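# Report on the structure
Spelled out from the first residue to the last, the chains are:
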Amino acid sequence: MTSNMRPLNSKKGEVPSHGRENCGVSDQAFHGKCQSCDGVGKPSYPRANGVSLKESGTCSFSCDHANALLVDGPKGSPARPGHIDSAVCAQHGCLHAKNESCMPCNDLQQESDREQAGDTLDDLFFFNDEEDDDIDWEPSARLAENRWFCLNCTMPNLDEVKHCLNCHELKGSEVAAGYDVFKTHIARAALLSADTASVLVSTAIGFDERMLLHSEMEIKPNPHPERPNRLRAIAASLAAAGIFPSKCALVPPREITKEELVMVHTSDHVESVEQTKNMLYSYFTSDTYANGHSACAAKLAAGLCADLASSIVSGRVRNGFALVRPPGHHAGVKQAMGFCLHNNAAVAALAAQKAGAKKVLIVDWDVHHGNGTQEIFEGNKSVLYISLHRHEDGSFYPGTGASDEVGVLDGKGFSVNIPWSCGGVGDNDYIFAFQHVVLPIATEFAPDITIISAGFDAARGDPLGCCDVTPAGYSQMTSMLTACSEGKLLVILEGGYNLRSISSSATEVVKVLLGDGPSYGTDAAAPSREGMQTVLQVLDIQQKYWPVLVPIFASLQAQQGPTSSKYVNAENKLKRRMLTGGPGPVWWKWGSKRLLYEVLFEGRRPRKSSAKGK
């Protein structure tokens, strides 16, 4: 999950940039590390009550009103008919609604915002002719049309290509087609209720179809990575594996109350999300969208997580999996960002404490740092937050999560960040970090419940994370965490945008919840040199707060011996060249449209350019 918001600990103008100072390639709908410029970041728009004025506001123009067809994403399927009566003012380009509000489309303002923000996906993939520094760039008209977007990972491909260059999925392949099987089982699933209070349920699933209505309504050529099919693909995989409904109970859905939300967020933030139900569509940031159903979806997601946590602490359920969206770990005390509206993990943690848990452990293995969760609990020593994420000295979204961010006041030492220094991190690095950092601290903390912010965007083949964790790796990490709180474990879906990766990974995780063993053993993992350096850095900082780490740090340091930082840096650069030279989206490997054109259409080797950012 991600957003265009600058890092919370940076000053204005210090945003990790993707497409400005570095390479000229930006990404309005996607996020992640630019493989050509090592930067990230996206434009932001003027805001009121947390909602972007790009898509909401008040207009002084008057137009006749007419019914409009609401379109859901690029497929053009109709959304809830009659939800909002609207019309487009042909003269002024403003979208009006019944409540006399509109979504201003001031051309001059949008042009100003776009220029300040740098190029967008459309500029890169559809070759708008507004780039000044590529004077010799003259693509033919056909380049803007012959594109298809992979239904599995959303990445664009040339029309002549039959398999996605990022995930190798066949053109037109529908990964979530098996959802209908899952859907037919919902009515037959056992519901967790007061009648089952005397019977211990092994694993409960939190899901409601209304969360599928949260989607980007603005029609764009490229699909948004955080899309309803993420839930459909996982649900289809659970049904195909025979897990649902035969082996799991279903949690009755409910919307979280405002009183529960204001324990986590400010009332202004809660109200700003609630206001979106009166809008056709709106944006909190350039890539954090909402439509008329989003407020309900976000409240359902938070309500399911809260009820699962309460049920686990009370003993009615052994563990649970929250199949929810929108995700939550970037949502902070007073802001929505990174595709996230309400912080589901934070809501679940407080619900667990209300149910009787004194100490809560949150392990966040999403590839992006959960800046919102850390902010909410950074001064709270009853909630231990441990995050493993790509960081790269703050250049990877959201820029927070350095190893020296340990919490504040009474919460010092209760924020543990394991920031990877590069992409391509795989199973061995994650398991090594678990063995030497996560588990020793978690065991010392002795939580009453463990909550996993389970983003699967560090999975192999994810277009945004560009890491290499396998389903077996996620299975192993889940198994290792079951012992931390006597099996009381709640897994909450966060990010993950390759449908096959997230569905297979989530299925392996649920199998562990049901009692199956991990996909491979617990032998000592051999980390990469970069992984070792990150773990040593974290141990050096956290041993001040967790004495159990002192002998671990000393032992690893003795094994390493003196290390040449110059050699390590050279090896990092070599590994990055290997990563960007292998399978993956070529538009992330080079930052120039001209280079992309030469390589893909003319078969020439990329030429060096003296243009800024190339």
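Residues numbered from 1 in each chain as written. Predicted model: local features only at pLDDT ≥ 70, side-chain atom pairs only at ≥ 80, totals over all residues. Heavy atoms only, no water.

We count it as follows: UniProt positions are given in the numbering used here, feature names are shortened, and annotations may be inferred rather than shown by experiment.
As annotated in an unreviewed UniProt entry, the protein chain is histone deacetylase from Triticum urartu. Taken directly from UniProt, the Cofactor (unreviewed entry) text for the protein chain runs: "Zn(2+)". Quoted verbatim from the Catalytic activity (unreviewed entry) field of the UniProt record, the comment on the protein chain reads "N(6)-acetyl-L-lysyl-[histone] + H2O = L-lysyl-[histone] + acetate".

### A look at the pattern of salt bridges
Rules: Salt bridges, as used here, are contacts in which a Lys or Arg side-chain nitrogen is within 4 Å of a carboxyl oxygen on Asp or Glu. What counts as a helix is a DSSP run of H or I of at least four residues, what counts as a strand is a run of E of at least two, and both are numbered from the N terminus. Classification of residues uses two cut-offs on accessible area relative to the type maximum, computed with a 1.4 Å probe and protein chains only: under 20% is buried, over 50% is exposed, and between them is partly exposed.
For the coordinates displayed, the defined rule picks out 16 salt bridges. With a shortest N-O distance of 2.9 Å, Asp307 and Arg254 are connected by a salt bridge. Of this pair, Asp307 sits in helix α7 (residues 294–314) while Arg254 sits in the loop between β12 (249–250) and α5 (258–261), placing them 53 residues apart in sequence. Residue classification places Asp307 among the buried residues on the basis of a relative accessible area of 19%. Notably, a salt bridge pairs Arg390 with Glu392, separated by 2.5 Å at the nearest N-O pair. Note on accessibility: Arg390 and Glu392 belong to one class, buried. Through salt bridges with shared partners, one network takes in Glu255, Glu274, Lys277 and Lys299.

### Description of the state of the cysteines
Put simply, the rule reads: The term disulfide is used for any two cysteine sulfur atoms that are within 2.5 Å.
As enumerated under the stated definition, the model contains zero disulfides in all. Cysteine Cys150 remains unbridged, with the sulfur of Cys167 as its closest cysteine sulfur at 3.5 Å. Taking the relative accessible area as the measure of exposure, Cys150 reaches 2% and is therefore buried.

### Comments concerning the packing of aromatic side chains
In plain terms, the rule: Centres within 6.5 Å are what make two rings of Phe, Tyr or Trp a pair, Trp counting through its six-membered ring; a difference in plane orientation under 30 degrees is then read as stacked, over 60 as edge-to-face, and the rest as tilted. By definition, being over a ring means that NZ of Lys or CZ of Arg is both within 6 Å of the ring centre and within 35 degrees of the ring normal.
Applying the stated rule across the entire model yields 12 aromatic pairs. Through a chain of ring-to-ring contacts, three or more aromatic side chains come together here, namely Tyr179, Phe182, Phe207 and Phe244. The lysine or arginine in question, Arg232, covers the ring of Tyr179, its NZ or CZ lying 6.0 Å from the ring centre. The cationic tip of Lys359 hangs over the ring face of Phe445; the distance from NZ or CZ to the ring centre is 5.3 Å.

### Concerning the UniProt feature "domain: RanBP2-type" (unreviewed entry) in the protein chain
As recorded in UniProt, the sites labelled "domain: RanBP2-type" (unreviewed entry) are residues 148–167. Split by type, residues 148–167 is 0% helix and 25% strand. Its first and last C-alpha atoms lie 14 Å apart.

### Overview of the nonpolar core
To keep things clear, this is the line we draw: Nine residue types can take part in a nonpolar core, namely buried Ala, Val, Leu, Ile, Met, Phe, Trp, Tyr and Cys, and a core is a set of them joined through side-chain atoms within 4.5 Å.
Counting 118 residues, the largest nonpolar core has Trp365 and Leu481 as its most contacted members. Counting seven residues, the second-largest nonpolar core is a separate cluster that includes Ala290, Ala298, Ala336 and Leu341.

### Brief notes about the packing of α7 against helix α8 (residues 344–354)
Two packed helices can be described by the angle between their axes and the distance between those axes. Definition in use: To define axes, lines are fitted to C-alpha atoms, for helices over the stretch in contact only, and angles between the resulting N-to-C directions are given on a 0 to 180 degree scale. What makes a crossing left-handed is the near helix being turned counterclockwise from the far one by less than a right angle; a clockwise turn instead makes it right-handed. Between two residues, a contact is recorded if the distance between any of their heavy atoms is within 4.5 Å. Asp, Glu, Lys and Arg are counted as charged, while Ala, Val, Leu, Ile, Met, Phe, Trp, Tyr, Cys and Pro are counted as nonpolar; the rest, among them Gly, fall into the polar class.
Their axes nearest at 8 Å, the elements α7 and α8 cross at an angle of 35 degrees. Here α7 runs over α8; the crossing is right-handed. Across from Ala298, Ala301, Ala302, Cys305, Ala306, Ala309, Ser310 and Val313 in α7, the residues of α8 making contact are Asn344, Val347, Ala348, Ala351 and Ala352. Split into classes, the residues belonging to the contact of α7 with α8 amount to 11 nonpolar, two polar and no charged.

### Re the sheet that holds strand β10 (residues 190–191)
Heads up, the condition is: By this definition, two strands are paired if DSSP reports at least two bridges between them.
Pairing in this open sheet of nine strands is parallel, and the strands run β10-β12-β11-β15-β20-β19-β16-β17-β18 from one edge to the other. Strand pairing shows two members of the sheet lacking a second neighbour, β10 and β18 (415–420), which therefore form its edges. The sheet contact formed by strand β17 (residues 383–390) and β18 spans six bridges and is parallel. Bridging from a neighbouring strand, Arg390 pairs with Trp420 of β18.

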